[in-house]
Amino acid sequence: DRFQSMAEFGRAIQAMSDPDAASVINALMAQITHRSTSDSTEDTAIGPRREPSAAELEHKASASIDSSESYENAVRLLYSRNVSDQDHAFSQLTKLEGDSQKHLLFDLARKLCMWSNSSLTGSPTKFALVPGSPITMGRGASAVELPLDDLGVSRQHLAFFLVGDKVEVEDLSTANGTLLNGMQISRTSRALLSDNDRLQVGDCDIHVHITYAAQ
């Protein structure tokens, strides 16, 4: 397939009978090698280089944003008075969280609780904060408002209470207990929650966020 025509092929065969056939064959081999190299170059040619568009550059820059920066921005927007910003920020945190990291938001201005356990619910869930009506957390998804898929968690593990403009948490006499900022919660009394507290429930680290009406 290296000859352009049958005539060219015929001339090559005829040349084989020439006394100087060896030199002719060497020339043919050189020609074949040259064409092979040319074909390879043509096959791999990619044409003129295209400069990326502004939209492509913007997308690439956006994708390269460090995840820690995205996390910090989302946390900051949790305290926005703009409802849409807050909801979007909480959704972002849900996407960024790991298997053992969850977020729990008590918005005292809107009187609601937001839970980011997307592994079970698929998206952040919201519950109304009603004085005297606790919101419970535990492994029994059908028995609690805030489900947590962890074998180290009791079916009904914690209860959260809105008391005036404060949130209190109660360990429901669980087998493995609950840590609040590294300290064991009493099983006989409630503990007061503050913004940026950390709850250790089973193997899960829960970051507590509390926004106030005056913020």
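Structure first, text after, so check above.
Residue indices begin from 1 for each chain and proceed along its sequence in written order. Confidence filtering applies because this is a predicted model: local features only for residues at pLDDT of at least 70, side-chain atom pairs given and counted only at 80 or more, and all residues used for totals across whole chains, interfaces and linings. Neither water nor hydrogens contribute to the side-chain values; these are computed over all heavy atoms in the structure.

Asker: Sorry if this is basic, but what is going on with the overall build of the protein here?
Answerer: On a plain count of helices and strands, the protein comes out with 6 helices and 12 strands. Taken over 215 residues, the protein has a buried fraction of 32%. Should any heavy atoms of two residues lie within 4.5 Å, those residues are counted as being in contact. Put simply, of all contacts in the protein between residues at least 6 apart along the chain, 40% involve residues at least 24 apart. Total accessible area computed for the protein in this model is approximately 13,000 Å², and 53% of it derives from carbon and sulfur atoms. Helix numbering and strand numbering both begin at the N terminus, where a helix is a DSSP run of H or I of at least 4 residues and a strand a DSSP run of E of at least 2. Here's how the labels work: a residue is buried when its accessible area is under 20% of the maximum for its type, exposed when over 50%, partly exposed in between, all with a 1.4 Å probe on protein chains only. For the accessible areas, the method is Shrake-Rupley and the probe is 1.4 Å, while residue cover comes only from the protein chains on display.

Asker: Could you clarify how one ought to interpret the pairing of strand 12 (residues 204-211) in this entry?
Answerer: Both faces of the sheet carry side chains from a regular strand, because those side chains alternate between them. With 8 of 8 residues buried, strand 12 is to be regarded as a mostly interior element. With burial as the criterion, each face of strand 12 is covered, one bearing Cys204, Ile206, Val208 and Ile210 and the other bearing Asp205, His207, His209 and Thr211. Between any two strands, pairing holds if DSSP finds at least two bridges. Summarising the sheet, strand 1 (residues 101-107) and strand 12 pair through 7 bridges and their orientation is parallel. Residue pairing in the sheet places Asp107 in a bridge with Thr211 of strand 12. Of the pairings in the sheet, the one linking strand 11 (residues 198-201) to strand 12 comprises 4 bridges and is antiparallel in character. Across the sheet, residue Gln200 finds its bridge partner in strand 12, namely Asp205.

Asker: Where do I start with the side chain of Thr94 in this structure?
Answerer: Note that Thr94 resides in helix 5 (residues 83-96). Counting of polar contacts relies on pairs of N or O atoms within 3.5 Å, with two restrictions inside protein: one atom must be capable of donating a hydrogen and the other of accepting it, and residues adjacent in sequence are counted only when both atoms are side-chain atoms. For Thr94, the side chain forms a polar contact with the main-chain oxygen of Phe90, separated by 3.0 Å.

Asker: Honestly, the sheet that holds strand 4 (residues 135-138) in this entry has me stumped. Any pointers?
Answerer: In a beta sheet, neighbouring strands pair by backbone hydrogen bonds and run either parallel or antiparallel. Read across the sheet, 5 strands follow the order 5-4-6-7-10 without closing on themselves; strand pairing throughout is mixed. Looking at strand neighbours, the two that pair on one side only are strand 5 (146-147) and strand 10 (191-193), the edges of this open sheet. The pairing of strand 6 (residues 158-163) with strand 7 (residues 166-171) spans 6 bridges and is classified as antiparallel. Its bridge partner lying in strand 7, Phe160 is registered against Val169.

Asker: Can you walk me through the sheet that holds strand 2 (residues 112-115) in this structure?
Answerer: Sheet architecture is open: 7 strands sit in the order 3-2-1-12-11-8-9, paired in mixed fashion. Each edge of the sheet is formed by a strand with only one pairing partner; in this case those strands are strand 3 (125-128) and strand 9 (183-184). Where helix 5 meets the sheet, its contacts fall on strand 1, strand 2, strand 3 and strand 12, and the angle it forms with strand 1 comes to roughly 160°. Interaxial angles span 0 to 180 degrees and are taken between N-to-C directions of axes, which are lines fitted to C-alpha atoms, for helices over the stretch in contact.

Asker: Would you mind going over the nonpolar core with me for this structure?
Answerer: Across soluble globular proteins, you tend to see nonpolar side chains buried next to one another. Buried residues of nine kinds, namely Ala, Val, Leu, Ile, Met, Phe, Trp, Tyr and Cys, make up a nonpolar core once their side-chain atoms join them within 4.5 Å. If you look at the biggest cluster of nonpolar residues, it comprises 26 residues, and the most contacted ones within it are Leu104, Phe106, Met137, Phe160, Leu193, Leu199 and Ile206. Broken down by secondary-structure element, the contributors of at least two residues to this core are strand 1, strand 2, strand 4, strand 6, strand 7, strand 10, strand 11 and strand 12. Among the elements that line this core, the one with the most residues is strand 12, at 4 residues. For Leu104, the residues in contact, after removing those within four places along its chain, are Phe90, Cys113, Met114, Trp115, Met137, Leu146, Phe160, Ile206, His207, Val208 and His209. Counting 9 residues, the second-largest nonpolar core is a separate cluster that includes Val75, Ala89, Phe90 and Met114.

Asker: What's the story with unusual backbone geometry in this structure? I'm lost.
Answerer: Outside of glycine, negative phi angles account for most residues, and trans bonds account for most peptide bonds. The phi dihedral of Lys111 falls on the positive side, at around 55°, and the residue is not glycine. Position of Lys111 among the secondary structure elements: in the loop between strand 1 and strand 2. Even without a glycine there, the phi angle at Ser173 is positive, about 55°. Relative to the helices and strands, Ser173 is located in the loop between strand 7 and strand 8 (179-180). Owing to a relative accessible area of 56%, Ser173 belongs among the exposed residues under this scheme.

Asker: Whenever I open this one, the side chain of Asp107 confuses me. Can you help?
Answerer: Structurally, Asp107 can be placed in strand 1. At a separation of 3.2 Å, a polar atom in the side chain of Asp107 contacts the side chain of Thr211. Each residue touching Asp107, except ones within four places of it in the same chain, is listed here: Gln86, Leu112, Leu129 and Thr211.

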